[in-house]
Amino acid sequence: MTKLRQFPNFYSPSFLGPINCKLPIVSLSALAFPLSLPVFPIMQFFPDIQKIQYEGPESRNPLAFRFYNPDEVIEGRTMRDHMRFSIVYWHTMRGGGADPFGPATAERPWDDGTDSIDNALKRVEVAFEIFEKLQVPYYAFHDRDVAPEGKNIRESHKNLQRIAESLKAHQKKSGVKLLWGTANMFSNPRFMHGAATTCNADVFAYAASQVKTAMEVTKELGGENYVFWGGREGYMTQLNTDMKREIDHLGRFLNLAVDYAKKIGFKGQFLIEPKPKEPTKHQYDSDAAACINFLRAYDLVPYFKLNLETNHATLAGHTMMHELDYSGMQGMLGSIDANTGDLLLGWDTDQFPTDFYLTAQCMLIILKYGGFTTGGVNFDAKVRRESFEPIDLFHAHIGGMDAFARGLRIAAEIRKEGFFDGFVKNRYRSWDSGIGKEIESGKANFDTLDQYICEKGEVDKNESGRQEFLENVFNRYL
Ligand code: XLS
Ligand code: NI
Ligand code: NI
């Protein structure tokens with residue numbers, strides 16, 4: 001029997017539908033036990049999928065890891081601890097695949113498409129089954145992904161607290177932890193002009209109330225970070241925008257959040273997530289450098305690090321490696337939203353990462369700065385609209401986890417041999433002694449530099465950068 005129903009989309013408050021709904025894949029596995037035993041039926045939404053296991057690179061099993069071996073130790077740390085993989089609630093549990101040309105296509109038999117508390121509780125069950133079966137130790141959510149918006153803001157807060165109780169119980173039972181929480185302050189029409197950067201002061205207050213509750217819930221759930229992604233914090237035209245006032249307000253908002261974290265004793269790391277455009281034409285948190293400059297200007301550096309997303313980096317005209325290195329060198333590398341864009345599509349396509357070249361380069365830089373502490377590899381990624389079956393969620397995450405695990409292995413191999421480090425060190429050797437050392441140590445000034453080079457007459461001969469050679473060497477490790 002096929003019935004039509006609505007299925008929500010994270011980015012659309014009007015929750016576009018309709019999609020096909022098949023009969024639920026629910027098996028009461030406990031019924032297999034003798035009826036005299038006092039058993040509680042264990043709800044399984046994916047009875048045909050066992051816990052995903054590591055089977056090694058030769059495996060052809062689509063429901064196995066080929067590179068992610070959680071307990072294997074690399075550079076003195078288990079792969080589980082290196083990667084700290086995390087699944088996002090908004091795409092995996094709430095994404096239906098709607099786009100501007102058509103409604104959601106996803107078949108999610110457990111989801112009745114309503115905004116009821118019961119449906120939200122049911123989603124929690126399914127989510128934790130997915131987390132556990134994929135052996136993913138963390139998850140992340142926006143307040144509105146997990147709990148429905150109420151008739152008024154008080155009711156919305158209550159809904160979130162109610163669902164958080166269930167999340168907490170599931171965390172306890174499964175051992176899965178919260179990587180970060182955040183507040184969705186971009187879907188509801190009230191945020192059309194932004195949240196902290198709105199022209200409407202009431203909206204700022206509303207956003208503050210929302211972040212206050214989301215932070216309390218994140219603390220209650222032991223969340224290791226709290227994320228601020230600038231939703232609609234930006235502008236479409238400068239003709240109607242007081243940029244200075246808006247950015248000042250954003251600075252004020254984040255300072256108020258810091259104050260509140262101190263007040264309630266929230267110890268998680270605050271993260272800011274750069275993105276240059278989409279939904280607005282110009283987002284204020286446009287890239288790592290802009291974010292760090294903003295944080296410095298508003299005295300927020302001690303309280304924040306960055307949550308970098310691959311697809312946002314490329315939208316900003318950078319590589320993810322650039323964003324990672326730039327943040328790392330300033331001691332601001334916090335966490336990553338792992339995904340990838342598409343060469344031919346100019347928006348945030350949020351695809352699962354599958355390219356070893358990309359993941360190896362990312363892991364090289366992440367390891368260079370000592371690996372993650374509170375952060376992790378958070379799959380801010382969604383299955384394609386055409387991949388509408390539940391099992392596609394498993395294939396997608398297995399692929400992303402394996403791509404990063406392979407990237408970690410390659411990066412560790414490269415670091416062990418130390419070839420690139422040696423090359424770079426040698427390339428900069430003119431700074432290790434003589435005039436270079438004098439400049440770096442602050443001894444030189446324009447007079448001494450002028451005297452030095454005039455006496456010498458010409459610079460030492462330059463050497464090749466050897467890019468092509470180095471790229472060939474890199475490929476040896478892939
Ligand atoms: C959107 C962002 C968003 C944040 C969380 O592009 O990536 O999903 O990660 O608000
Ligand atoms: Ni993101
Ligand atoms: Ni994004």
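Attention here is on the structure that accompanies the text. Keep in mind that what you see is a predicted model, and the values were worked out from it rather than measured.

Looking at a nonpolar patch on the surface
A cluster of nonpolar side chains, Leu343, Leu344, Leu345 and Trp347, forms an exposed patch at the surface whose accessible area comes to about 530 Å². Looking at the secondary structure, you find leucine 344 in the loop between strand E17 (333-337) and helix H11 (356-368).

Digging into the pairing of E17
In terms of burial, E17 is largely enclosed, as 5 of its 5 residues are buried. In this structure, strand E16 (residues 304-309) lies alongside E17, joined through 4 bridges in parallel fashion. Bridge pairing in E17 links glutamate 309 to aspartate 337. Relative to strand E18 (residues 377-379), E17 is paired through 2 bridges, and the arrangement is parallel. Counted as the bridge partner of isoleucine 336 is valine 377 from E18. After leaving E17, the chain enters H11 and then returns to the sheet as E18, a path that is right-handed.

Observations concerning unusual backbone geometry
Geometrically, the link from glutamate 278 to proline 279 is a cis peptide bond, its omega value of 10° lying close to zero. On the secondary structure map, proline 279 appears in the loop between strand E14 (269-273) and strand E15 (282-283). You will see that aspartate 350, though not glycine, has its phi angle at about 50°, which is positive. Counting through the fold element by element, aspartate 350 comes out in the loop between E17 and H11.

A look at the pattern of salt bridges
With the rule as written, the count across this model stands at 21 salt bridges. For arginine 80, the salt bridge identified is with aspartate 71, shortest N-O distance 2.9 Å. Look at arginine 80 and you get partly exposed, because its relative accessible area is 29%. Here lysine 368 makes a salt bridge to aspartate 325, at a shortest N to O gap of 3.1 Å. Placement of the pair is lysine 368 in helix H11 and aspartate 325 in helix H10 (residues 320-329), with a sequence separation of 43 residues. Through salt bridges with shared partners, a single ionic network connects Asp143, Arg144, Glu149 and Arg190.

A closer look at the coordination of the nickel ion (ligand 2)
Protein coordination at the nickel ion (ligand 2) comes from Glu273 (OE), Glu309 (OE), Asp337 (OD) and Asp380 (OD), with a distance range of 2.0 to 2.2 Å. Viewed at the metal, the 6 donor atoms of the nickel ion (ligand 2) are separated by angles of 81 to 178°, and the geometry they form is octahedral.

A few points about the environment of threonine 213
With respect to the helices, strands and loops of the structure, threonine 213 is situated in helix H6 (residues 201-220). For threonine 213, a relative accessible area of 4% gives the class buried.

Description of the coordination of the nickel ion (ligand 3)
Donor atoms from the polypeptide that coordinate the nickel ion (ligand 3) comprise Glu309 (OE), His312 (NE2) and Asp348 (OD), at 2.1 to 2.4 Å from the metal. Written as a sequence motif, the donor residues of the nickel ion (ligand 3) are E-x2-H-x35-D. The metal-metal distance between the nickel ion (ligand 3) and the nickel ion (ligand 2) is 3.8 Å, with glutamate 309 serving as a donor to both. You can call histidine 312 buried: its relative accessible area is 4%.

Structural notes on the site of ligand 1
Lining the immediate surroundings of ligand 1 are 12 residues, of which His142, Glu273, Lys275, Glu309 and Asp380 lie closest. Between ligand 1 and aspartate 348, the relevant distance is 2.9 Å, taken from an oxygen atom to a side-chain nitrogen or oxygen of the residue. Between aspartate 380 and ligand 1, the recorded distance is 2.8 Å, taken from a side-chain N or O atom to an oxygen atom. In isolation ligand 1 exposes 290 Å². Once the protein is present, 100% of that is buried. Considering only residue class, the shell around ligand 1 consists of 4 nonpolar, 2 polar and 6 charged.

Rules behind the numbers
Residues numbered from 1 in each chain as written. Chains lettered and ligands numbered in written order. Predicted model: local features only at pLDDT ≥ 70, side-chain atom pairs only at ≥ 80, totals over all residues. Heavy atoms only, no water. Patch = residues over 30% accessible without salt bridge, like charges linked within 9 Å, V, L, I, M, F, W, Y side chains within 5 Å. Areas by Shrake-Rupley, 256 points an atom, 1.4 Å probe, with all protein chains shown as cover. Salt bridge = Lys/Arg side-chain N within 4 Å of Asp/Glu carboxyl O. Helix = DSSP H or I, 4+ residues; strand = E, 2+ residues; numbered from the N terminus. Buried < 20%, exposed > 50% of the residue type's maximum accessible area, 1.4 Å probe, protein only. Pairing = 2+ DSSP bridges. Right-handed = clockwise from strand over helix to strand, strands pointing away. Donors = N, O, S within 2.8 Å, 3.2 Å for Na, K, Ca; no water. Tetrahedral: all angles 85-135°; square planar, octahedral: opposite > 155°, others 65-115°. Near = heavy atom within 4 Å. Polar contact = N/O pair within 3.5 Å; in protein donor to acceptor, adjacent residues only side chain to side chain. Nonpolar A, V, L, I, M, F, W, Y, C, P; charged D, E, K, R; others polar.

Such coordinate-based values are descriptive only and should not be taken to indicate function.
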